[in-house]
Amino acid sequence: MGAVALVLLIACANVANLTLARAAARSREMSVRAALGATRWQIVRQLLAESLVLALAAGVLGVVIASICH
């Protein structure tokens, strides 16, 4: 169980790192959106929605893989 928890922790850290890298790469886009009049809340809401879609897709894919392998 400890090894599984460690692998899960590493996977979560990798996903968090990729999300941060993607957000940093999109800083120019966010600046343009803000300059065009988007509020901070609208930008945050968009980023949260994108992250939620990615998380749901990953969860569905994980369940499908787990059901196939089981």
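Above this text you will find the structure in question.
Below you will find a few notes about this structure. Small disclaimer: the values here were computed from a predicted structure and weren't measured.

Each value, and the rule that gives it
- Residues numbered from 1 in each chain as written.
- Predicted model: local features only at pLDDT ≥ 70, side-chain atom pairs only at ≥ 80, totals over all residues.
- Heavy atoms only, no water.
- Salt bridge = Lys/Arg side-chain N within 4 Å of Asp/Glu carboxyl O.
- Helix = DSSP H or I, 4+ residues; strand = E, 2+ residues; numbered from the N terminus.
- Buried < 20%, exposed > 50% of the residue type's maximum accessible area, 1.4 Å probe, protein only.

Description of the pattern of salt bridges
Okay, step 1: Applying the stated criterion to the full structure yields four salt bridges.
Okay, step 2: Residue Arg26 pairs with Glu50 through a salt bridge whose shortest N-O separation is 2.5 Å. Of this pair, Arg26 sits in the loop between helix H1 (2-25) and helix H2 (27-35) while Glu50 sits in helix H3 (residues 40-69), and the two are 24 residues apart along the sequence.
Okay, step 3: For the salt bridge of Arg33 with Glu29, the shortest nitrogen-to-oxygen distance reads 3.0 Å. With Arg33 and Glu29 both in helix H2 and four residues apart, this pair spans about one turn of that helix.
Okay, step 4: Note on Arg33: relative accessible area 33%, which makes it partly exposed.
Okay, step 5: In this structure, a network of salt bridges that share partners links the residues Arg22, Arg26, Glu29, Arg33 and Glu50.

Quick word on the environment of Leu48
Okay, step 1: Secondary-structure assignment places Leu48 in helix H3.
Okay, step 2: Of the residues examined, Leu48 reaches a relative accessible area of 53% and is grouped as exposed.
Okay, step 3: Through-space distance from the C-alpha of Leu48 to that of Cys12 is 17 Å; in sequence the pair is 36 residues apart.

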